[in-house]
Amino acid sequence: MRGERTRGEVRAESRAFRKILIANRGEIAVRVIRACREMEIQAVAVYSEADRGALHVRLADEARAIGPAPSRESYLHVERVLEAAVASGAEAVHPGYGFLSENAAFARACEDRGLVFIGPRSETITLMGEKTAARREAVEAGLPVVPGTLEPLGDEAALAREAARIGYPVMVKAAAGGGGKGMRLVGSAAELPSALARARSEARGAFGDDRIYLEKAIVRPRHIEIQVLADRHGNAIHLFERECSIQRRHQKVIEESPSPLVTPELRERMGTLAVALVKRVGYLGAGTLEFLVDGDRNPYFLEMNTRLQVEHPVTEEVTGVDLVKAQIRIAQGEALSFGQRDLEQRGHAIECRVYAEDPEAGFMPSPGRILALRTPNGPGVRDDSGVYEGWEVPVHYDPLISKLVVWGPTRQDAIARMRRAVTEYKVLGIQTTLPFFQRVLRHPSFVAGDIDTSFVDAAFAEADRDRARGEAVRVAVAAAAIRAFRERRAARLERSGDGADRSAWWDAGLREAQGWRGGV
Amino acid sequence: MRLDALAEGQTFRVEVRRRDGGYTVILDGEALDVDLVETGDHFASLIVDGRSHEVGLEKRKDGYRVHLPDETVTVALAEAARGAPRRPGRPTGPMRLTAPMPGRVVRVLAEKGRDVEPGDGLVVIEAMKMENELKAPRRGRVDEVAVREGQAVEAGALLLVVA
């Protein structure tokens, strides 16, 4: 982190935590543990049966089992997480993102048991978590919003009428939604019924709430968000924007800061709007306001995420502010140790989300054992990972395994550095989005900063890969053939007593390959 | 040792010979001097004509997946005496739709006897918190539905057959 801002002064009403329970898993749990360690706070991990060997459990000071693999019986189980927190003697709970991070009932239950929930007050989560209520607050605070139904609608006929009134294309969205779940773009009335059915089912599964609302779809929108921080002493600031337009299935895969689209005037305007909403709702802690920005640079407020974002590191890299430590200090009752004027965006940061997904097969999930792992290093590279070599990526949770983040003095430097880092990154045994990033980072539209949320679909619609170059293919064939040759010799030496079987190396290889795949 | 290789849609006749401090690999009659050292259980460093290549090698059923710095190449291998590795043919006959990953069947969109067009949704599987709609790769008629909604499936499990 560059030039981290700390002053270390503690107000009279604040108290330093000695122990924090992290109600999450994967890379974000590791991220929070690292902040705790640097602040000399004990970190308590929780884990499901599938995660006993997970990295966050290995790195924590204490670890507590909270139930079976399915999230609903472990990481989403309010009572079990609370019991673990109370039993461990933690004073505070960091929820990470996803899981219970935007669950107002969980935040309230923490408050009721004397645990500090590291996030906004439970009332604020309720208010901003109800997307239509959040839109009303935003309108009151002077923020422009996308035309749509301000209320969730229960019956399909009413939704169809509203869609016709707003005009297609429309976005179908879950009232309790986030992270692209329960969200569908609908081009015509004919597509509406099946889109509604799938959105409701996904929303029910993800949030236990299948209420749906509609918004007019902005054509070729940019997805740009503003990071905010607010303390208990009335200070509210923004930490500029993140560009999140590179998405697949409405989920972000590459983020950067600054946005190549945002002008100083637009940045100032969006930042001022964000702080206005934060002040209106009495926000506390770290949060993010998501905006769609159209081709004429008009921002429309979409929603507020009342938690840390996956992509928070790009903001950390350009501002030098450690957002997790800032969250913890705010929760301890401290005042922000810097003001809006102390902040600037320095250089450029990019994040690539390394998912266990197969970009050659429509980003299908690719869980399984990580056979070998080599991570990039060197100047300006940060790998926020939640996995290790030999770890089996479970099928039960989100497929994010790591966030690769780079910083460079300019956008072009950062792109070149990210290409270099992706080249160094090797994950064997499962498919990942890394090969896809190589293609995006070389795409002329990406390099020019001419991107919108349809970029991935538009640029990579067909067979999602380039044919490897001639020389690369020859090197690959040579490497494979020599490997086969060596394995055959090794198998021969092993069996030299009973006469070398011509195909022993091959059979041995077959057995090995089948073993890794759990027996075919 | 002589091998037939198939990579990126191209076939190669390959011969590997040991030589001093390395290997000679003859690819379709052209000899390459390759210096290879293993740099980990699944990694090797190759120097070919002075160019350095660090590769990851992942064993597959019929060869290797080779990770190069900028791309990944799947190489199918067979000993020359056993005949060339099979080229993936054009799909004909009944098409068996199988689960690409372990997960849970959340919806079956096609019933037996229904005619389907390419791209029609057939089955929705939830895995890693995402719903994945599996689509018909070609025109046909649903001949068999092997799963029901709510059922957990392993990777490779038969979901349905399109004839």
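Please read these numbers as outputs of a predicted model, since none were measured by experiment.

**Q** Can you explain the sheet that holds strand E13 (residues 130-135) of chain B? Please cite residues and give values.
**A** The four strands lie next to each other as E13-E12-E10-E15 (chain B), forming an open sheet whose pairing is antiparallel. Each end of this open sheet is capped by a strand with a single partner; those strands are E13 and strand E15 (152-153) of chain B. Its contacts with the sheet put helix H8 (residues 192-207) of chain A on strand E10 (103-108) and E13 of chain B, and the angle it makes with E13 of chain B is roughly 145 degrees.

**Q** Describe the pairing of strand E1 (residues 2-7) of chain B, and please don't skip the residues or the numbers.
**A** Counted residue by residue, E1 of chain B has five buried out of six residues, so it is predominantly covered. Linkage of E1 of chain B to strand E2 (residues 10-19) of chain B, two consecutive antiparallel strands, is achieved through a turn of two residues, within which Glu-8 of chain B is found at a positive phi near 50 degrees.

**Q** Requested: an account of the nonpolar core, with residues and values cited.
**A** Judged by nonpolar contacts, the single largest core of 100 residues is most densely connected at Leu-21 and Leu-229 of chain A. Each of domain 1 (19-126) and domain 3 (222-464) of chain A accounts for three or more of the residues forming this core. Discounting chain neighbours no more than four positions away, the residues touching Leu-21 of chain A are Val-44, Val-46, Val-81, Ala-84, Ala-85, Ser-88, Ala-90, Ala-92, Val-93 and His-94 of chain A. Core analysis: the next-biggest nonpolar cluster, separate from the first, contains 36 residues, Val-473 and Phe-485 of chain A together with Phe-12 and Leu-46 of chain B among them.

**Q** Account for helix H13 (residues 434-442) of chain A, with residues named and values stated.
**A** Residue and element names in this part refer to chain A. In terms of burial, H13 is largely enclosed, as seven of its nine residues are buried. Listing the buried residues of H13 in full gives Leu-434, Phe-436, Phe-437, Gln-438, Arg-439, Val-440 and Leu-441. For H13, the secondary structure elements touched by its buried residues are strand E11 (251-257), strand E14 (348-355), helix H12 (411-424), strand E22 (426-428), helix H14 (444-448) and helix H15 (455-459).

**Q** Describe the interface of chain A and chain B, with residues and values.
**A** Listed by partner, the interface residues are 67 residues for chain A and 63 residues for chain B. Between chain A and chain B, roughly 6,200 Å² of surface is buried when both sides are summed, and carbon and sulfur atoms account for 61% of that area. Across the contact surface, chain A and chain B share nine salt bridges. Where Glu-79 of chain B meets Arg-488 of chain A, a salt bridge forms, and the shortest distance between an N and an O atom there is 3.4 Å. Along the contact surface separating chain A from chain B lie 18 residue pairs in polar contact (both at pLDDT 80 or more).

**Q** An account of the side chain of Ser-48 of chain A is requested, with residue identities and associated values reported.
**A** All names here are of chain A. Turning to its location among the elements, Ser-48 is positioned in the loop between strand E2 (42-47) and helix H2 (55-59). At 2.5 Å, the side chain of Ser-48 forms a polar contact with the side chain of Tyr-397. Setting aside anything within four residues of it in sequence, one finds Ser-48 in contact with Ile-66, Gly-67, Pro-68, Ala-69, Ser-74, Tyr-75 and Tyr-397.

**Q** Mind laying out the domain arrangement of chain B, listing which residues take part and the relevant values?
**A** Domain boundaries assigned for chain B yield domain 1 (2-81) and domain 2 (95-162). One C-alpha centre belongs to domain 1 of chain B, the other to domain 2 of chain B; they are set 37 Å apart.

**Q** Go over the packing of helix H4 (residues 104-112) of chain A against helix H5 (residues 122-129) of chain A, please, and point to the residues and values.
**A** All names here are of chain A. Following both chains from N to C, one finds H4 and H5 inclined at 175 degrees, their axes separated by 8 Å at the closest point. Judged on the interaxial angle alone, H5 and H4 are roughly antiparallel. Here Ala-104, Ala-107, Arg-108 and Glu-111 of H4 come into contact with H5, specifically with Ser-122, Ile-125 and Thr-126. Class assignment for the residues of the contact of H4 with H5 results in three nonpolar, two polar and two charged.

**Q** Give me the lowdown on the pattern of salt bridges, citing residues and values where you can.
**A** Residue and element names in this part refer to chain A. By the definition in use, this model includes 56 salt bridges over all chains. Of the charged contacts in the structure, one is a salt bridge between Asp-322 and Arg-31, with a shortest N-O distance of 2.8 Å. A residue pair is termed long-range when its members are at least 10 positions apart, and Asp-322 in the loop between helix H10 (312-319) and helix H11 (323-331) and Arg-31 in helix H1 (residues 26-38) qualify at 291 residues. Asp-322 gets classed as buried once you look at its relative accessible area, which sits at 7%. Classification of Arg-31 by relative accessible area gives buried; the value is 7%. Two residues, Glu-316 and Arg-382, come together in a salt bridge whose shortest N-O distance is 2.9 Å. In this pair, Glu-316 sits in helix H10 while Arg-382 sits in strand E19 (residues 381-385), placing the two residues 66 residues apart along the sequence. Judged by relative accessible area, Glu-316 falls into the buried class, the value being 0%.

**Q** Provide a residue-level description of the sheet that holds strand E1 (residues 19-22) of chain A, including the pertinent values.
**A** Read from one edge of the open sheet, five strands run E3-E2-E1-E4-E5 (chain A), paired in parallel fashion. Bordering the open sheet on either side are strand E3 (62-65) and strand E5 (116-117) of chain A, each of which pairs with just one other strand.

**Q** I'd like to hear about unusual backbone geometry, residue by residue, with values.
**A** A cis amide bond, omega 0 degrees, links Tyr-168 of chain A with the succeeding residue Pro-169 of chain A. Here Pro-169 of chain A is to be found in the loop between helix H7 (156-166) and strand E6 (170-174). Phi is positive for Arg-297 of chain A, which is not a glycine, with a value near 60 degrees. Structurally, the position occupied by Arg-297 of chain A is in the loop between strand E12 (285-293) and strand E13 (299-305). Backbone geometry places Asp-49 of chain B, a non-glycine residue, at a positive phi of 50 degrees. Examined against the element boundaries, Asp-49 of chain B turns out to sit in the loop between strand E5 (43-48) and strand E6 (51-60).

Conventions used here
- Residues numbered from 1 in each chain as written.
- Chains lettered and ligands numbered in written order.
- Predicted model: local features only at pLDDT ≥ 70, side-chain atom pairs only at ≥ 80, totals over all residues.
- Heavy atoms only, no water.
- Pairing = 2+ DSSP bridges.
- Helix = DSSP H or I, 4+ residues; strand = E, 2+ residues; numbered from the N terminus.
- Contact = heavy atoms within 4.5 Å.
- Axes fitted to C-alpha atoms, helices over the stretch in contact; angles between N-to-C directions.
- Buried < 20%, exposed > 50% of the residue type's maximum accessible area, 1.4 Å probe, protein only.
- Core = buried A, V, L, I, M, F, W, Y, C linked by side-chain atoms within 4.5 Å.
- Domains from an automatic or database assignment.
- Buried area = accessible area lost by both parts, 1.4 Å probe.
- Salt bridge = Lys/Arg side-chain N within 4 Å of Asp/Glu carboxyl O.
- Polar contact = N/O pair within 3.5 Å; in protein donor to acceptor, adjacent residues only side chain to side chain.
- Parallel < 35°, antiparallel > 145°, perpendicular 65-115°, else oblique.
- Nonpolar A, V, L, I, M, F, W, Y, C, P; charged D, E, K, R; others polar.

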